[in-house]
Amino acid sequence: MNIVNKLTIRHLKENKKRTLVTILGTIISAAMIMAVATIGVSYADLLKKEAIENNGNWHVSYKDLTTDQIDSLLQDEQTDSLSLIQDRGYAELEDLMSSYKPYIWVRGMNDEAFTQFDVQMLEGRLPETENELIVSSSLGDEEVKWSIGDEVTLATGKRFTEEEWAEPQDGLLTSENSLERNEEGDLNETLIDINETSYTIVGFFEQPNWEWGWTPGYMVLSYIDESDEHYPVDSFVYVDKPDRYIYDHADELSDMLGITNVQYNSDLLRHSGITASDSIDRTMNGMLGVIIVVIIAGSVALIFNAFAISVSERSRYLGMLSSVGATKRQKRNSVFFEGAIIGVISVPIGIAAGIVGIGITFLAINPMLDSIGLDQQLSLTVTPFSILITILLSALTIFISTWLPALRASRITAMDAIRQTHDIKLKNKTIRTSKLVRRLFGIEAELGLKNLKRNKKRYHVTVLSLIVSIVLFLSVSFFTDSLKQSYQIAESGDAVSYDLEIYSDDAESVTELKESIEDSKEVTDVLTQREMNVSLYLDESEVAPELLESGDIERSEDGKYIYHASITSIDRDSLDQYVEEAKIPSSWDDEPMSAIVLDTITYEDYEQSKYIQTKAILKNINDTLNLVERNWETEETKELPSLTVTALTEEMPMGNYYSSLGSLNIFVSNETFEAIFSELELKEINYSMYVQSDDPMLTEQELSESTELYYSMYNLYDSRMRGEQMIAVISVFTYGFVTLITLISLANILNTISTGVALRKREFAMLRSVGLTNKSFKKMMMFESAFYGVKALLYGLPLSILVMYIIYRQTQYAFSYSFTIPWLHMLGVIIGVFVIVGLAMLYSLTKTKNETIIEGLIQENQ
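Rules used throughout
- Residues numbered from 1 in each chain as written.
- Predicted model: local features only at pLDDT ≥ 70, side-chain atom pairs only at ≥ 80, totals over all residues.
- Heavy atoms only, no water.
- Helix = DSSP H or I, 4+ residues; strand = E, 2+ residues; numbered from the N terminus.
- Buried < 20%, exposed > 50% of the residue type's maximum accessible area, 1.4 Å probe, protein only.
- Contact = heavy atoms within 4.5 Å.
- Areas by Shrake-Rupley, 256 points an atom, 1.4 Å probe, with all protein chains shown as cover.
- Salt bridge = Lys/Arg side-chain N within 4 Å of Asp/Glu carboxyl O.
- Patch = residues over 30% accessible without salt bridge, like charges linked within 9 Å, V, L, I, M, F, W, Y side chains within 5 Å.
- Lys, Arg positive; Asp, Glu negative; His and termini not counted.
- Charge placed at Lys NZ, Arg CZ, Asp CG, Glu CD.
- Pairing = 2+ DSSP bridges.
- Arc of directions from axis to C-beta.

(A) Expanded view of the overall build of the chain. Along the chain, the regular secondary structure elements total 24 helices and 24 strands. Counting the 862 residues in the chain, one finds 50% classified as buried. In the chain, once contacts between residues fewer than 6 apart in sequence are set aside, the share between residues at least 24 apart is 81%. Of the roughly 42,600 Å² of accessible surface on the chain, a fraction of 54% belongs to carbon and sulfur atoms.

In structure tokens form, the structure reads like this:
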């Protein structure tokens, strides 16, 4: 080790406080990078486990295969494991043919399928022959009383209906088709091609998530021997190391083997970092890339400040080295060597701290995940790759942080070090201030401003620290909001505002159902509505631009553009509540034939592979809507009474409203609805009811038991809860990350300002020696703090908006919505900056208030 490096080590030992601060800053930086990497890997692992539990551990599915096609798949280079599942048919449960699950659903599986689909045995063992069965726990004693060892004979067949919609599939119903009933509520399907088979019950298994609750049969599983001939079976391919090529390979393989039905486990692939959409990839990679750059910038600012201050303290020592022959390279390398020592000590501690910190965080978060209904929990997942990434990024951060201080150290001459003039420039022009400053704020403010101007490097470092903190906080906050908004658009989370959805062709049925549950203590809100479908004729200037560009719109003989319009009337109480919540003027229906138009929609553009938020129609208040009834069989049209637009909104009432280009949702009063309906030739109305409940499952049961009326009911509670759960998980992670960024930023600001004040002890002693009172001294420091805050905000806020816009642009590869500035976050940042800077300055001054003038003048920086 050369003498310069030995002196560097001695300097670090002698300046323990400064060395400790630098090490702490580097530890925080490394811990933050490791925490982010661990969160990313662990969160992806959680989502993968959820996807596997819901759909199974497979990547590509090929449907209805022959034995030869199965053999070809087994020999394919990408097939690491092949699950086979065979639908053997449905058997009637004689005593339950009036229920919503009147069948036993028999399926066969091979050994790989039992593993990949994680069949959990409650009792007994897995089947080993094709005549052995295991039974799902969903089939309880109320349906059948089976025990292990029982011999049962099942007459299984295919579900068949004579409904016209099923003609393209020869009237056959699959497992994806719910129970088919006619208008009277009677079963409208039968079993055909029935075969009797005897089975032995060998066990019971826990009902898996992939046994959907709405399927018409209780699932039982048998065994498939791959060496035997089979009926057409479905195969599920597991790939050990999937990549983007998996989609192209599956398409090529299916074409070669003549397979027409190929499906992908999209959730598992997406959570493994693989999507079929380039736009989704570009969006996620772009957003993560921007946020990683912001993180590194914050880390660099934190560590750079520490090394810059260290070099400033070492200026006399570096000048002495220069006077005895040290070269620029040796002085520069001494700073790099200091960075290497700091890194060797800090990075391992930072990695360990990041892992431990996230582990503790997971212990706190997992109960929250349980409370929102997630089946899986976060487990601490640390990979060699995440550790390597942390080491490389930390090394890069330290190198960037030491580069400028190292260059500065190489340029310090012996005379500069003795005079201590390398930080302070005393040209008259440099420290000139406006006379307005003294008039408005006094001599103290002018002194404070001159202090900043004559010591620009420390002033710039402090302002830079504040700017980085502002950008970090606002960028991560905006990233969080963008992630949540994108997810909500993709999952239509905003549209699902109810728990139960009920349809009927009879108004009395809906009315009776509403009366039966209105007094239920679980039910919090009920909305009933009538809906009719008509056409709307528009001029070109009134059509959504995206629809005109697509060219996918029909035109009438006179050149008008034709929209599909849904006219909806909701019950009066719900209508008044909707008007109030959407901030629509209560006078909207003072005139007859008034209408509320939902003019903003979100739809999925399949060609662009992105979600787009746009105007559904270009209409203004008091414009007219020309309604037309079209008979699609006779192609005759009839003009209907026109509507007047009295309100435009993007808010929807509770319910399910279809949004697409070329369609429009219009809400009217009951009187207006009747006026239009009376003119219709085809009297077709859809009646529906939407229910919000504290216990949707219990409410569904109450509705089912309260009436014999015919209706169809869908419980959307599960799907809505899944979307809310995912948003909640995203919020936990991202807001936790915002908190981490905020704490690091606070440490950065406190470190910079307190160190700057400590280095100015001589300056403060000099000011006191010429008569500056404590009151004036505090006033001067308050002005400096305010100036720090104002200058940081002038640069930080526009820069933050730029970074936020860059993040927004990344989301537009897969989504389309307008850019909005988070004013509330910005207001919080403005207040926070002044509070933090003021507190940091006051904290720093407490360390100097008891020092005498003589002590300050002779003080050496330690």
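From this point, the discussion proceeds with the structure in view.
(B) A look at the pattern of salt bridges. Within the structure shown, the criterion is met by 15 salt bridges. Here Asp45 makes a salt bridge to Lys49, at a shortest N to O gap of 3.8 Å. Taken as a pair, Asp45 and Lys49 lie in helix H2 (residues 16–55) at a separation of 4 residues, close to a single helical turn. Overall, Lys49 belongs to the partly exposed group, its relative accessible area being 25%. Note that Asp589 and Arg572 form a salt bridge whose closest N and O atoms lie 3.3 Å from each other. With Asp589 in the loop between helix H17 (572–581) and strand E15 (594–598) and Arg572 in helix H17, this pair connects stretches of sequence that are 17 residues apart.

(C) Layout of a negative patch on the surface. Residues Asp505, Asp506, Glu508, Glu512 and Glu515 make up a contiguous surface patch of negative charge. For Glu515, the position within the fold is in helix H15 (residues 507–517). Assessed through its relative accessible area of 54%, Glu515 is described here as exposed.

(D) View of the environment of Glu684. Along the chain, Glu684 falls in the loop between helix H18 (670–677) and strand E22 (686–693). For the pair Glu684 and Met532, spaced 152 residues apart in sequence, the C-alpha separation works out to 6.5 Å. The contacts of Glu684, once residues within four sequence positions are left out, are Glu531, Met532 and Phe677.

(E) Region of the structure containing the pairing of strand E23 (residues 712–715). Residues Met713 and Asn715 line the buried face of E23, whereas the alternating positions Ser712 and Tyr714 sit on a face that is not buried. Across 4 bridges, the pairing between strand E12 (residues 500–504) and E23 is antiparallel. Note on E23: the bridge partner recorded for Glu501 is Tyr714.

(F) Fine view of H15. Of all the residues in H15, the buried ones are Ser509, Val510, Leu513, Lys514 and Ile517. Buried residues in H15, looked at end-on, bunch into an arc of 130°, giving them a common side. Across H15 from its buried face, at more than 90 degrees, point the exposed residues Glu508 and Glu515.

(G) Structural context of unusual backbone geometry. Positive phi, close to 50°, is recorded for Asp193, a residue that is not glycine. By the element assignment, Asp193 lies in strand E8 (residues 190–205). Phi at Lys583 takes a positive value of approximately 60°, unusual for a residue other than glycine. With respect to the element layout, Lys583 can be found in the loop between H17 and E15.

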